[in-house]
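One-letter residues, chain by chain:
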Amino acid sequence: MRRLTICLAMLFWGVCGGVYAAAGGGFEGGKPAYPLFLAGNGYYAVIAPDGSEMQRWKGGNSNDGWRLPNGHLLAATGEAYECDAQGKRVWQYQAKEKTGGGVFSCQRLANGHTLISENSTGTVFEVDAQGQKSREIRVPLNQKNRHQTLRMVRRLADGRTLICRSGANTVEIYDAQGVCVWQQKVPNLAFAAVCDAQGNVYVSCLDRIQKWSPGHALLWEFTAAESGLPIKNMTGIHLLPNGHLVVGCYAYGKGVGAFEVTPGKQVLWRYRSGRGHDSHMAVQLLDPSISEPLR
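Each chain carries its own residue numbering, running from 1 in the written order of its sequence. Only residues with pLDDT of 70 or above have their local features reported here, since the model is predicted, and side-chain atom pairs are shown and tallied only from 80 upward, although totals for entire chains, interfaces and linings are computed over all residues. The basis for every side-chain value is the complete set of non-hydrogen atoms in the structure, without hydrogens or water.

## Notes on the overall build of the chain
At step 1: Helix and strand definitions follow DSSP, with helices as H or I runs of at least four residues and strands as E runs of at least two, each counted in order from the N terminus. Helix and strand counts for the chain come out as 2 helices and 25 strands.
At step 2: Against the compact-globule benchmark of 19 Å for 295 residues, the chain has a radius of gyration of 19 Å, which places it among compact chains.
At step 3: In terms of principal-axis extent, the alpha carbons of the chain reach across some 70 × 45 × 40 Å.
At step 4: Each residue's exposure class comes from its accessible area (1.4 Å probe, protein chains only) as a fraction of the maximum for that residue type: buried when under 20%, exposed when over 50%, partly exposed otherwise. Counting over 295 residues, the chain shows a buried share of 55%.
At step 5: A separation threshold of at least 6 residues defines the contact pool for the chain, and within that pool the share at least 24 residues apart is 43%.
At step 6: Carbon and sulfur atoms provide 53% of the accessible area of the chain, an area that totals close to 13000 Å².
At step 7: Only four residue types enter the tally: Lys and Arg on the positive side, Asp and Glu on the negative side, with His and both chain ends excluded. A charge is said to be at NZ when it belongs to Lys, at CZ for Arg, at CG for Asp and at CD for Glu. The averaged location of the 23 negative side-chain charges in the chain is 6 Å from the averaged location of its 31 positive side-chain charges. For a compact globule the rule gives 2.2 Å times the number of residues to the power 0.38, and the radius of gyration it is set against comes from C-alpha atoms. Throughout, a contact is declared for two residues whenever any of their heavy atoms are within 4.5 Å. Note on areas: these come from Shrake-Rupley sampling with a 1.4 Å probe, and a residue is covered only by the protein chains present in the view.

Following this line, the structure appears as structure tokens:
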């Protein structure tokens, strides 16, 4: 009886706190150099390189997220909110219109505002701590499927805004006045995009990731088929200073949930939670030397 009690206690601890010990989960083929932050199906977590869970927050339909430098979580789950390490909310933004899913993306800016993509209204804007909006950009609603108007958006270092219009299979850059100055079609739903120091744009579109030059030349492409691994539904991307990409996958089943790939298309490690029904829409490698993550 004592042995059964201990086993049950260990199982409860593995599922509900401390070390994440879902059957069949963890890193394979290698491990990351630093802890991995990821948005899961109903949760956010920080995973240590040894596969143990360092931190976990409850979450709804996790679309985007960041672990902030102060240890807080910034999340987009149809709403946007910030909570502390214990899960207490310290800031939130609620979309009044929720048709199509509400808020799908967020990013904390240097001025303290939060960049929001509100899929339900087709708007991208900054919102301050008091809920006041500024710098609004409006894109056409996807009338065929309101769920696929917007996905992830990012404010670039030069003040321009990178916007994924998922159902239009399009990535766009808008200047500070809200004028579209760059547009690129991609083969599938445009989920996430990031811009490197040379102005090249990486885009994740489910079965592949592409790298486009400012002049619209396709410079690089990584496809699920060529990887030889059970990779599908590539969504969240985090570009590292060395040119590597950390990638999260949506609804990956028993396949690959997250991985790191080099410019030479070598997969250095891969991760899956072991739940069998998980999604990792956003990822972030917590290298302390990266003050401004490129994603």
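Structure shown, so let's carry the discussion forward.
## Focus: the pairing of strand β8 (residues 89-93)
At step 1: Note on pairing: DSSP must find at least two bridges between two strands before they are called paired. Relative to β8, strand β7 (residues 80-83) runs antiparallel, the two sharing 4 bridges. Among the inter-strand pairings, Tyr-81 is bridged to a residue of β8, identified as Gln-92.
At step 2: Between β7 and the antiparallel strand that follows it, β8, lie 5 residues; Gly-87 among them carries a positive phi value of about 95°.

## Brief notes about the nonpolar core
At step 1: Core analysis: the largest hydrophobic core is formed by 31 residues, its most contacted members being Tyr-44, Leu-73, Phe-222, Ile-231, Met-234, Leu-245 and Phe-259.
At step 2: Once residues lying within four places of it in the same chain are set aside, the contact partners of Leu-73 are Phe-37, Tyr-44, Trp-57, Trp-66, Tyr-81, Glu-82 and Cys-83. What is meant by a nonpolar core is a set of buried Ala, Val, Leu, Ile, Met, Phe, Trp, Tyr and Cys residues, joined one to another through side-chain atoms within 4.5 Å.

## So, the packing of aromatic side chains
At step 1: Only the six-membered ring of Trp is used, alongside the rings of Phe and Tyr, when aromatic pairs are assigned; centres must lie within 6.5 Å, and planes under 30 degrees apart are stacked while those over 60 apart are edge-to-face, with the rest tilted. Within the structure shown, the criterion is met by 8 aromatic pairs.
At step 2: Geometrically, the ring pair formed by Tyr-202 and Trp-220 is edge-to-face, given 6.3 Å between the ring centres and 65° between the ring planes. With Tyr-202 in strand β18 (residues 201-204) and Trp-220 in strand β20 (residues 218-223), this pair connects stretches of sequence that are 18 residues apart.
At step 3: Judged by its relative accessible area of 6%, Tyr-202 is buried.
At step 4: Ring plane angle 40° and centroid distance 5.8 Å describe the contact between Phe-222 and Phe-259, whose orientation is recorded as tilted. Of this pair, Phe-222 sits in strand β20 while Phe-259 sits in strand β23 (residues 258-261), placing them 37 residues apart in sequence. For the pair Phe-222 and Phe-259, one class covers both residues: buried.

## Some words on the environment of Gly-236
At step 1: Along the chain, Gly-236 falls in strand β21 (residues 234-239).
At step 2: The class of Gly-236 is buried, set by a relative accessible area of 2%.
At step 3: Separated by 200 residues in the primary sequence, Gly-236 and Leu-36 have C-alpha atoms spaced 13 Å apart.
At step 4: Apart from residues no more than four positions distant in its own chain, Gly-236 is found in contact with Met-152, Ala-192, Val-246, Val-247, Gly-248, Met-281, Ala-282 and Val-283.

## Overview of the sheet that holds strand β5 (residues 64-67)
At step 1: Overall, antiparallel pairing links the 4 strands, which are arranged β5-β6-β7-β8 in an open sheet. Each of the sheet's edge strands pairs with one partner strand only, and the pair in question is β5 and β8. Strand-to-strand twist of the sheet, defined as the mean angle between neighbouring strand axes without regard to direction, takes the value 10°.
At step 2: Sheet topology places β5 next to strand β6 (residues 73-76); 4 bridges connect them, and they run antiparallel. Only the stretch in contact is used when a helix axis is fitted, and all axes are lines through C-alpha atoms; the angle between N-to-C directions ranges over 0 to 180 degrees.

## What to know about the confidence of the model for the chain
At step 1: Every residue carries a pLDDT, the predictor's confidence in it, which falls somewhere between 0 and 100. The predicted model of the chain has a mean per-residue pLDDT of 89, with 91% of residues at 70 or higher.
At step 2: The low-confidence segment residues 1-23 (pLDDT under 50) makes 18 contacts with residues lying over four places distant or belonging to another chain.

## Thoughts on the pattern of salt bridges
At step 1: By definition, a salt bridge exists where a carboxyl oxygen of Asp or Glu is found within 4 Å of a side-chain nitrogen of Lys or Arg. Counted under the stated rule, the structure contains 14 salt bridges.
At step 2: Where Glu-53 meets Arg-56, a salt bridge forms, and the shortest distance between an N and an O atom there is 2.9 Å.
At step 3: Judged by its relative accessible area of 29%, Arg-56 falls in the partly exposed class.
At step 4: Salt bridges sharing partners connect three or more residues here, namely Glu-28, Arg-270 and Arg-272.

## Regarding unusual backbone geometry
At step 1: Notably, His-216 is not glycine yet its phi reads approximately 75°, a positive angle.
At step 2: The backbone of Lys-265 sits at a positive phi, close to 70°, despite the residue not being glycine.
At step 3: Position of Lys-265 relative to the elements: it lies in the loop between β23 and β24 (267-272).
At step 4: A relative accessible area of 33% means that Lys-265 is categorised as partly exposed.

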